[in-house]
Each structure stands twice: as C-alpha cells, then as structure tokens.
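# Fold and geometry: a report
These are the residues of each chain, in order.
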Amino acid sequence: MIRKYKIGNPIETDSVIEAIPEILIDQEKAVIPASGEGGTETIIPASGDSNSKAVIPALGDENSGWIVDKHGKKLTFSMSSHACIYGLGEQVRGINKRGWHYVSFCSDDPHHEEGKTSLYGAHNFFVYDSRDCNDNICFGMYVDTPGRVEFDMGYSDPDEISIIFEDFDAYIYLLKSGHPSGTIMDIVRQFRRIIGRSYIAPMWAFGLGQSRWSYMNADEVRGVADSYDKAGIPLDSIYLDIDYMERYKDFTVNDEAFPDFKEFVSEMSGRGIHLVPIIDAGVKIEEGYDVYEEGVKGNHFVKKENGDLFTAAVWPGRVHFPDFLKEDTRRWFGDKYKVLTEAGIDGFWNDMNEPAIFYSEDGLKKVFEKIDGYKGKNLDIDSFFGFQGSVSGLCNSEEDYGSFYHEYKGQRIRHDKVHNLYGYNMTRAAAEAFDKIAPDKQILMFSRASYIGMHRYAGIWTGDNMSWWSHLLLSIQQLPGLNMCGFLYSGSDMGGFGGDVTEDLLIRWLSFAIFTPLLRDHSAMGTRRQELYRFKDTDMFRNLVELRYALIPYLYAEYLWAADNDEMLFKPLAFEYEEDVRAKEVEDELLVGRSIMIAPVYTQNASGRYVYLPEDMKMIRFRGYDDYDEEQMKAGDHYVRAQLGEVLVFIRKGHELPLAMPDMRVRDIDTENIHYIRN
Ligand code: MIG
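Residues numbered from 1 in each chain as written. Predicted model: local features only at pLDDT ≥ 70, side-chain atom pairs only at ≥ 80, totals over all residues. Heavy atoms only, no water.

A word on the sheet that holds strand β15 (residues 208-210). As a general point, the strands of a sheet are linked pairwise by backbone hydrogen bonds and lie either parallel or antiparallel. Pairing within the open sheet is parallel, and its nine strands lie in the order β28-β27-β25-β21-β17-β16-β15-β30-β29. The open sheet has two free edges, formed respectively by β28 (490-491) and β29 (493-494), since each of these has just one partner strand. Where strand β21 (residues 347-351) meets strand β25 (residues 444-447), four bridges bridge the pair, whose relative direction is parallel. Within β25, the residue paired with Asn-350 across the bridge is Ser-447. Along the sheet, helix α10 (residues 422-437) contacts β17 (274-280), β21 and β25; its crossing angle with β25, the most-contacted strand, is approximately 170 degrees. (Pairing = 2+ DSSP bridges. Helix = DSSP H or I, 4+ residues; strand = E, 2+ residues; numbered from the N terminus. Contact = heavy atoms within 4.5 Å. Axes fitted to C-alpha atoms, helices over the stretch in contact; angles between N-to-C directions.)

This is the structure we're talking about:
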C-alpha cells in the first residue's frame, strides 16, 4: 500500500514513474494549534494507511503520526526505543541510520568521515522498523524534493525523526506492507516498482577494472594491460581519467598522448580490454572548441539572474555548465558521447556532476577584493582565519549554488532548489542518447552524483574514499542503502582512492569487492601505485580475481534477478531474518543474492573474525576458485579463521553456489562447465 501526500508546490523530479493519486496536506488549514506559537499542526498517519481523510486531526495518538510543522518547515515522528532505520542510499555511517543526521545535498567532499552529513548522492528513501517494540510498525518513506533536505534520525532528540526542509514543498510517499513476514522487502519492492527498473550493466562490466588518476598515454595503458596479462590476473577494463582529454575538454582526446585513438581502442578491444573514459560536467570556455561554441549558440549553458552565462572553474580552468535539466540540452550533450562511441568506446563514468565548483568568477573577484583589504594589516586571530577561510570557502559554495538558474519543465528555477537533479540529468542525457547513437551496444555508465530516478539510467560509484580500513567497512555498509534506492550496479574505489594503500588492505578489500558489481581498483594522483600486479603476493591477487570471475555467473544472474524483481543484491540480515533480534544489529555481514552470505574481514592484522549465523549454513573458506574447505555450521556466534587471502562464504540451506571456470576476460569464462557447491 502506497500513499502519496503533497505538501506545498513540489517540483517534479521524474523519480517516480507510476501515477498515484495525491492526498493534499493543506498547511494553512489549522487543525490543532501548535504548542504555543499559534502555528498549525496536522498529522499524517505514520504509515499512511489509517483512512481516506486528507488531513487528519492530531487527536491524541501522537506516537503514530507525522506532525507537520509549517513554521519549522519540518515533519516529526516519535520513534520507539529500539526502532531501526534503513536506507538513505549513499551516506556515511552504518546500515542502521538511527542516531545521526543526514543532509541530502549532492556534495563533492572527499572526506567521508562519520562526522559528515552529505556525500555525492541524494537518496531520500528509508524504512522504519519497530516491530519488536510497543508501537509495532514498519513503513517506508520517500521524500521527493530536489533541494536540500535534512533527515535528523534521532540526532537532536534521540527519540524523534525530524525531516527538515529548506522549502516546504515535497511529495511524501508512505509505504506499508500487508505481509506479516518479508515486510521490509515487500516495502522495498513496492518502492522500487514505482521508481522503475534499475539500469542493467553489460556482463563485461563485472570484470575487473583498473583505474588511476591518470594513465597519461597509450603506452602507459598498454603497459597496464601487459602487466596484468603477464601476472595472469584477469582484467576487462582500463579507465581513462581526465588526462586523456586535450586540456580537460569533454569529448576531445589528446592526440599526442593517444595518437590515432580509434585504432588504439580497437587494438585494446582486440585484446578484450574495454577503455572507459571519464566525462566531466563543466565545459571549457575556449574559442574554437566546438562543444563550447555550440553550447553558447544553442543556449545550453546555465545563466545568472541578469542573464549572463554563469562562469565557474573546474579542471579546465573557466567553464560553463550545461543546463542538463533542459530537454534539448540533454539531447545535445548526450549526442556528444558519439565522438567516443564512434571510436569504439562502450563505457563511461560521469564525474564532477554535483556539480563540483572550484570557484566562480564572481566569487573569486569578491575574495580578491577582500584579501586586498587585509593587505598591510596585522592579521590577528580573527582576521587571519577570515583571510584563510575566504579562499578555502570558494569551493562548492552555497552562494554560488544560489546564483545561477535552470530552465526546467518550462520554468526558470534557481539552482539550489533543484541541485540534486543535476548529476542525475547529466547521466540521463548520456543514457537516453545511447539508445540512438549506439543502439546495438550495451553501454557501461556510472555517475558520481545521483538522485533516485537516475538508477534507471546508470549505476554509481561512491567517490573519493581513502585507503583506510574504516572505509572498507563503510563500503560494505553503503551497499544495502544503495540497493534499496535502486542503485544495483555500484561499488567503491577498491583499495581506496586517496592515501597510500598497504598490500594487506588491498587484499582484504579485494576479498570483499569480488562480490560487488563494480569491481574497480582506482587511486588518486600522488598516492602509492595500486595496480594489483605491483605487490608482492601476485599469486594471492590472481587467486582472488579468478574467484571473482568464477563467481560472475552467479553474481550476474542474481543481479539480473534483483533488477527484474525489484529486489536487492545486497541485503542486511535483518531484511531476511525479521524475527531475529540479533540479526538487526549485524552491521558487517551481508546476504549476496538468494544463496549466500558473506562476512568480510576489515581489520588489519586479523587472522579471522566473529561471524553471526542467523541459521545453519555451510561455510566455504576459499583460497581460490578451486581451493577451498567446507564446514557445516550451526546458527549462532562463531569465531572463524580467515587468513589474508581467504574469503568466507556461507551457503544457505537448500541453496547452491555455482562456480565457473575463470578466464582472463569475462567473455571467455566457460559457463558450460559449472561446478556447484551445495548445502
Ligand atoms: O577532483 O578526475 O571522484 O575518481 O580520479 C578530482 C580526477 C576529480 C574526482 C573523482 C576521481 C577522479 C578525479 N576526480
């Protein structure tokens, strides 16, 4: 059961594609005076189901309703003491989101620490579950609004959820299950049904991808492929980061570094290696550059209030931003990918599309003026930090996001009001074009910024994490929330993007990432080289990647099944074993598809870990696809040994795990001769 409520005048986001009748929440119609200040209070029933009345008076039962606080621009809800909250997609912290506040505002922030409130995506769907508490309810909620919104999940008040809006305009969807068991998944499936089927990546995109910011030229890329082949480690793709372009200009290739690009793409694809170039949101301002000139002529770039083009700076220096919210701009920009698809490219990643802004022209001018004022002064404590902050505050500033406009569905709308739709629509532009410019190909596409709805067009990666053990755990915990919101093709930069990796971290990370659809080793400029063949124990890396390739038939089939059935590929135990009160506290084990559970090791110098089994399972301890031991295990707690290079997989009762013969490329995997491990 789904109820759709309308508050104020929401901006359409195209995230929900099913027509659902609206119930209007009339903010003006006072039902019960708000405590004291003369505002109004209205209650939306907690899970939406109570009755057909549009506005429900707040008579007594405050515990089971959402209080609409017009003046505070917020919705509040009283939580039971043990209730759990799942979802919110790409975010910091654990699987259970209770006990922190999260802000949906797509942000380019490479410091994914637990004190943060926003990452690159804005995914406003969650499930609240208090079935083992007094109030005994379980519901899903989707807050559909494209601007900034805060989810205070028991942060300000440990027993309250507050959803705080910048503009009190939104569609609120409340979802409830009629099923006594499988309740959470029933809610998730209902949600996924109304937002439409998830993007399907090609099978080769389940192969290992090697990336680096940046491989600077064709020879370096060849060298990576050669080294993988020499080490006997399977590989399917190599990523091209911003330096393949001519001075960071989208849809150009630096022909000194990559002479005869088309020939090179075909040489690599002849070897079974897909090249996956990056595309950035900003278009370099440069006379004679076709994308810039067409963009200006075609009126495709965002403008300031006075009608001048908004000028900011990113990698290429000064840029304009395409107005991806406009249909004909999407068509124009999407067609540009043809330059690369015609050269044989069949995979892309869209970056910097929050959009990330180093500085705006106007912002920079102001800072120079301000700094001028500090000249010759004695910079005391206050003025020094003011001086310092004026420069660092240039990046991704709120002021900039409030200073340019989109033309969206026939209306002029200030950017910050629709901020979370930007990366979504950039990626949509590409995906919609692919049907036209590469109709026979299945294209790999994933994005950094996203909003729910984008899951129909592409996957995501989780951005600039660090080579930290805590970020290995974070990458495990992010997957269920992403899957709930439709993002099935996803993964993190394996080994960590920033900072220096260690061999053991890379091995442990790989031992987990072999289960994630996107398996990509990526690292930043200036960090320790992170290609798998550079480390001491090549055999161990080879065994792990081979195990991944052996698992691909299982993983890809479960992935397709999840997409076709609005299911999740990665489930927390609590979603499957709903009666089990221990299961809901397990934050470091996941069900992967229908047959297996994994329990990755994510601490340094560990030779094993505690594992909680919600039911009897058969444990497989893999050292390679054809080297493993098995053990029947009883439900309950166990300490399980898992040395470096050993991967723990638990097969559920009555299930089986198919393993194929791996090969150096996904296309060569022998899927005829499958070996099954059964329980
Ligand atoms: O500000 O293109 O998240 O994966 O390597 C850095 C360079 C810009 C950020 C992406 C990262 C990529 C990097 N980009």
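Now that the structure is up, let's keep going.
Before going further, it helps to spend a moment on the site of the ligand. Around the ligand lies a shell of 13 residues, among which Asp-241, Asp-351, Arg-448, Asp-464 and His-522 are the nearest. Take Asp-464: an N or O atom from its side chain is 2.4 Å from an oxygen atom of the ligand. Within the side chain of His-522, an N or O atom sits 2.9 Å from an oxygen atom of the ligand. For the ligand, the accessible surface in isolation is 350 Å², of which the surrounding protein chains cover 95%. Looking at the shell around the ligand residue by residue, the class counts come to eight nonpolar, one polar and four charged. (Near = heavy atom within 4 Å. Polar contact = N/O pair within 3.5 Å; in protein donor to acceptor, adjacent residues only side chain to side chain. Areas by Shrake-Rupley, 256 points an atom, 1.4 Å probe, with all protein chains shown as cover. Nonpolar A, V, L, I, M, F, W, Y, C, P; charged D, E, K, R; others polar.)

What follows deals with the environment of Arg-271. Turning to its location among the elements, Arg-271 is positioned in the loop between α3 (261-270) and β17. A residue is classified by how much of its surface remains accessible, and Arg-271, at 23% relative accessible area, is partly exposed. For Arg-271 and Asp-290, which are 19 residues apart along the polypeptide, the C-alpha to C-alpha distance reads 33 Å. Residues within four places of Arg-271 in sequence aside, it is in contact with Arg-222, Ala-225, Asp-226, Asp-229, Arg-665 and Arg-667. (Buried < 20%, exposed > 50% of the residue type's maximum accessible area, 1.4 Å probe, protein only.)

Our next topic: the packing of aromatic side chains. Scanning the model with the defined rule gives 50 aromatic pairs in all. Ring centres 5.0 Å apart and planes at 55 degrees place the aromatic pair Phe-206 and Tyr-559 in the tilted group. With a gap of 353 residues between them, Phe-206 in the loop between α1 (183-195) and β15 and Tyr-559 in helix α13 (residues 538-564) connect regions that are remote in the sequence. Overall, Tyr-559 belongs to the buried group, its relative accessible area being 0%. In this structure an aromatic cluster arises from ring pairing among Phe-251, Phe-301, Phe-310, Phe-321, Phe-324, Trp-332, Phe-333, Tyr-337, Phe-348, Phe-404, Tyr-422 and Phe-434. The ring of Trp-100 carries the charged tip of Arg-93 above its face, separated from the ring centre by 4.0 Å. The ring centre of Tyr-405 lies 4.2 Å from the NZ or CZ of Arg-412, which sits over that ring. (Phe/Tyr/Trp six-rings, centres within 6.5 Å; stacked < 30°, edge-to-face > 60°. Lys NZ or Arg CZ within 6 Å of the ring centre and 35° of its normal.)

Here we take up the pattern of salt bridges. Scanning the entire structure with this criterion turns up 63 salt bridges. In this structure, the salt-bridge partner of Lys-571 is Glu-567, at a minimum N-O distance of 3.7 Å. Overlapping salt bridges, with partners in common, bring together Arg-189, Glu-567, Lys-571, Glu-576, Glu-615 and Arg-652 in one network. (Salt bridge = Lys/Arg side-chain N within 4 Å of Asp/Glu carboxyl O.)

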